[in-house]
Amino acid sequence: MTISCAAAPIVLVDGSSYLFRAFHALPPLTTSKGMPTGAIKGVLNMLRKLQQDFPQSRILVVFDAKGKNFRHALFPDYKANRPPMPDELRVQIEPLLAIIRAMGLPLLIEPEVEADDVIGTLAHQATRQRIDVIISTGDKDMAQLVSPHVSLINTMTDTRLDTEGVKAKFGVRPEQIIDYLALIGDSVDNIPGVPKCGPKTAVKWLESYGSLSNLMTHADDIGGKIGENLRASLAQLPLSYQLATIKTDVELSHPLEAIHPTPPDNTALLAHFTELEFRSWIRELQENGQTPFQAAQSTAPAATIAAPAATTPDKTSAWSAPVDRDGYETILDQASLDRWLDALQQAGEFAFDTETTSLDYMQARIVGVSFAIIPGRAAYVPLAHDYMGCPAQLDREQVLQQLKPLLENPAVRKIGQNLKYDINVLANHGIHLQGVHADTMLASYVLDSVGSRHDMDSLALRHLNHETITFEQIAGKGAKQLGFNQIELDLAARYAAEDADVTLRLHHCLQEKLQPTPSLQAVLKTIELPLVPVLAKIERQGALVDQARLQQQSMELSKRLQELEREAFALAGKEFNLASPKQLQGIFYQELNLPVLKKTPGGVPSTAEPVLQELAARGHELPRVLLEHRSLAKLKSTYTDRLPQQINAGTGRIHTSYHQAVTATGRLSSSDPNLQNIPIRTPEGRRIRQAFIAPEGYQLLAADYSQIELRIMAHLSADPGLMAAFAAGADVHRATAAEVFGVALEAVSNDQRRSAKAINFGLIYGMSAFGLANQLNIDRGTAQSYINRYFERYPGVLDYMDRIRTQAHRDGYVETLFGRRLYLPDINARNKMNQQAAERTAINAPMQGTAADIIKLAMIKVQAWLDGAGFDANIILQVHDELVLEVRADQIEQVRPALIDCMSSAARLKVPLLVEAGVGSNWDEAH
């Protein structure tokens, strides 16, 4: 960026641009009363960053005025395509403007012009006064204002544009930007442009003809369809040019020289922060006697922060080495590495990350490692970059041997993002990571499992208002994407060191947000973090599968699929594509005249799976055949064909990946392969389980919780009838049937038990009478009578459901027995269907979430026992409420009762936790 004047530049802030970007880019934040605050916080964080980066500058904030402006007079359809402003954003505007005024920052809103025009005019005035200008915006139109004295900065992406930068980004010079915009048009602002003229075409034309006016003069020279479009647009191009032009001569209420900041109104700021529940800013204001924004103006940028004396021993001179503008250091010599190793050891706590050759944790090898001890200072140690001309690096094995004592020291606390992956990668190099102290992915997940994604890029944007460097930015994408070992060191170092730095800053931020809620801290510290090394060990152990058995089953499924296809053709009276909704619609509703049960959003009869199920239930054969075909085809493609391909060549086993931060309720999920969805109720699904086998001399021991969610319901509701049934060890479905149908326990029929089971499980999922009627194929009145009798016999369950619904509406969340929270964004939604769905979730989530917590606690307890007992036994699978162990055959009788004891004592409920365990040579046999 070119800054030619000695005085500090003026910073002009495009408030309207950042308001919309903050609203759409950041996850929604609300106060306890439901007031949206995400856009407010995003814009204020952006202003704070500007004050940090430009402490000596005048900062002026500009917003669009309400209503139409002069461009609407030129073109009534200007911005006609823009949707109305969301109510959740509209209500944030006035509080934001009030805070900006209270901060003492000049706030400009000029009638009948846009913020762009005000900024353009101020930039023009500043340039005439020989004052350099920085425009803070995310709007590409502003590039037309760039000059040797005017630059753009995008605070959300931390990028800057000067004249050379505009040329590099858009392919044209700043003085050609208006021509460029007029040609490509703008669908959002409804600026017409030339149809089918994209950026590449516009750049090509402007390179050839220099300007829009000259291009229009030579329009006949342009051939093809695009030339026809250009000539057809000649009449409207001057209008497009005028609409895209930012005015620089607006008659402002006050000239630039009269616009200055005023002292902040701390009393007003405290009131605003209190109303919006900005707790950390309230604390800063109360503790420091000044606003966080005042304090930021005198704070040096992150790259120059000095390390605290406590973490920077004098003898190491840890922070004296050269760093880049972000405060990041690349370590290429032993002296620098020694300096950092000493600092890491003495700090006692640090963030770190590994850069590797693969996302497959079993295959990945380390390319480099990064560290951060304090925010703003981080280092990257490249170890295996091997592109042409790459600088010499330290020897990987020697560096890892030096790191090994530090990484294996449980007293030195490690902070990471998805540390389970790093644990497995380090294990590939013989390093057994210990001292897992914090994982920002898990901290975010515990804080709010449904609030956002939990990857580092999303978290940095949400919590730090920082847009990270993405892998695609440094490596490209698609088939030409580079491996990390091929990334140039300067790019790799910035990317990798930023990972460690941002992880550390996220840790501090998330720790502060969890601090007011001890129950969430406990979930993180006693459940999620201790589970990380347990899951890593299960993943590395893997499960043995019988490849030949799977291949045999694939062949048999192929044969059965062909039979079903022929059967479907016979029923339809012709051949057709079984996967084509359009062909199915014609056959179902035109040729076979099946009843139309549901239509798609486009208004055509649906052939979705629920519709097929209902049609099959009504006795229609073709839908039944199609359902079976779909089910078997999915089994074949997902499991019998795919599992043999997923066998690791080195271990001969399948190594799934378990995910802690995916499901809303806390349950684990798995991928590559997904073991959670293998059917257990069909013969074909059970045959897949039969392919998971014990090696010679071992057996599989499978243990799972019996009816755990019903037991949790009994505990939470404290219903005497339910608790008595479980305490007596009764068949709870049979007991429920006896109560609902008014018969003796021994007289309950199988159909009555089946109905009672549907009621038991249906109600804990919030099932309505309509849903129960469909499931049991009975009329709605009968279903409602079953439910009424259930609640008459188990009134504690109804009381619990009423309590939890009320609590959910009041608090916006529900909790598990251990304090895990599930937020319910739609619990007070205006849309009644959304609200009712949220209520059903509110009823079930505490049970499903508590069950998830219990199996996690059981895994931690079982692994601790196995580690200490010395048995030749390992956990190899976790699916839903089940653990599967591989145990040496002669130790089964010792391991089995201990496993049952560990699992049944993982939690204390008001009813017994019953664990059932089986043994077999394969998973199905053991289950």
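As a starting point, this report considers the structure included with it. Quick caveat: nothing in here was measured; it's all calculated off a predicted structure.

1. Description of the sheet that holds strand β6 (residues 159-161)
Pairing between the strands of a sheet is mediated by backbone hydrogen bonds and can be parallel or antiparallel.
Phase 1: The mixed open sheet is built from six strands, whose spatial order is β3-β2-β1-β4-β5-β6. What marks the edges here is a single partner per strand, and that holds for β3 (107-108) and β6.
Phase 2: Pairing of strand β4 (residues 133-136) with strand β5 (residues 150-154), which is carried by four bridges, proceeds in the parallel orientation. In the sheet register, S136 faces β5, and the bridge partner there is I153.
Phase 3: Relative to the sheet, helix α2 (residues 38-53) contacts β1 (10-14), β2 (59-62) and β4, its axis offset from that of β1 by approximately 170°.

2. Re the packing of α2 against helix α4 (residues 87-103)
Phase 1: At a minimum axis distance of 8 Å, the contact between α2 and α4 shows a crossing angle of 30°. If you check the angle between α2 and α4, you find them roughly parallel. Here α2 and α4 pass one another in a crossing that is right-handed. Judged by residue contacts, G38, A39, I40, V43, L44, L47 and Q51 of α2 engage L89, Q92, P95, L96, I99, I100 and M103 from α4.
Phase 2: Partitioned by chemical class, the residues of the contact of α2 with α4 number eleven nonpolar, three polar and no charged.

3. So, the pairing of strand β17 (residues 698-705)
Phase 1: With six of eight residues buried, β17 is to be regarded as a mostly interior element.
Phase 2: Sheet topology note: the β17/strand β21 (residues 882-888) ladder contains seven bridges and is antiparallel. Each bridged residue has a counterpart across the sheet, and for D704 the counterpart in β21 is E882.
Phase 3: Direction of pairing for β17 relative to strand β22 (residues 915-920): antiparallel, over a ladder of six bridges. Counterpart to A702 in the pairing with β22 is G918.

4. Comments concerning the sheet that holds strand β10 (residues 377-382)
Phase 1: Spatially, β7-β10-β9-β8-β11-β12 is the arrangement adopted by the six strands of the open sheet, whose pairing is mixed. Both outer strands of the open sheet, β7 (328-330) and β12 (436-439), are each paired with one neighbouring strand and no more. Looking at each pair of strands side by side, their axes are set apart by 25° on average, direction ignored.
Phase 2: Two elements, β7 and β10, share three bridges in a ladder whose sense is parallel. Bridging from a neighbouring strand, Y328 pairs with A378 of β10.
Phase 3: Across the sheet, helix α16 (residues 396-407) is in contact with β8 (349-356), β9 (366-374), β10 and β11 (413-416); its angle to β9 comes to roughly 40°.
Phase 4: Sheet strands touched by helix α17 (residues 419-427): β8, β9, β11 and β12. Its angle to β8, the strand with the most contacts, is close to 65°.

5. Observations concerning the pairing of β12
Looking along a regular strand, one sees the side chains alternate between the two faces of the sheet.
Phase 1: Sheet topology note: the β11/β12 ladder contains three bridges and is parallel. Bridge pairing in β12 places I415 opposite A438.
Phase 2: Each parallel crossover has a hand, and for β11 linked through α17 to β12 it is right-handed.

6. Re unusual backbone geometry
Phase 1: In this structure, the amide linkage connecting D672 to the following residue, P673, adopts the cis form with an omega of 0°.
Phase 2: Mapping P673 onto the fold places it in the loop between β16 (669-671) and α28 (683-690).
Phase 3: Even without being a glycine, E112 presents a positive backbone phi close to 70°.
Phase 4: Along the chain, the position of E112 falls in the loop between β3 and α5 (115-128).

7. Remarks on the environment of L237
Phase 1: Tracing the chain through its elements places L237 in helix α11 (residues 237-244).
Phase 2: With relative accessibility at 0%, the residue L237 sits in the buried group.
Phase 3: For the pair formed by L237 and A182, sequence separation is 55 residues and the distance between their alpha carbons is 6.5 Å.
Phase 4: With residues near it in sequence (within four places) discarded, L237 still touches A182, L183, V194, L212, M216 and L230.

8. Remarks on the pattern of salt bridges
Phase 1: With the rule as written, the count across this model stands at 40 salt bridges.
Phase 2: Notably, a salt bridge pairs K856 with E528, separated by 2.7 Å at the nearest N-O pair. One end of the pair, K856, is in helix α36 (residues 832-869); the other, E528, is in helix α22 (residues 518-541), with 328 residues separating them in the sequence. For the pair K856 and E528, one class covers both residues: buried.

9. Here we look at the nonpolar core
Phase 1: The biggest cluster of nonpolar side chains holds 123 residues, and the ones touching the most others in it are F576, F588, F692, Y705 and M903.
Phase 2: Considering every element that reaches this core, the biggest residue donor is α36, with 14 residues.
Phase 3: If we ignore the near neighbours within four places in the chain, the residues touching F692 are A543, L544, V545, L643, L675, I678, L700, L877, N922 and W923.
Phase 4: One finds V146, L152, W205 and L230 within the second-largest nonpolar core, a separate group that totals 55 residues.

Cut-offs applied
- Residues numbered from 1 in each chain as written.
- Predicted model: local features only at pLDDT ≥ 70, side-chain atom pairs only at ≥ 80, totals over all residues.
- Heavy atoms only, no water.
- Pairing = 2+ DSSP bridges.
- Helix = DSSP H or I, 4+ residues; strand = E, 2+ residues; numbered from the N terminus.
- Contact = heavy atoms within 4.5 Å.
- Axes fitted to C-alpha atoms, helices over the stretch in contact; angles between N-to-C directions.
- Parallel < 35°, antiparallel > 145°, perpendicular 65-115°, else oblique.
- Left-handed = near helix turned anticlockwise from the far one by under 90°.
- Nonpolar A, V, L, I, M, F, W, Y, C, P; charged D, E, K, R; others polar.
- Buried < 20%, exposed > 50% of the residue type's maximum accessible area, 1.4 Å probe, protein only.
- Right-handed = clockwise from strand over helix to strand, strands pointing away.
- Salt bridge = Lys/Arg side-chain N within 4 Å of Asp/Glu carboxyl O.
- Core = buried A, V, L, I, M, F, W, Y, C linked by side-chain atoms within 4.5 Å.

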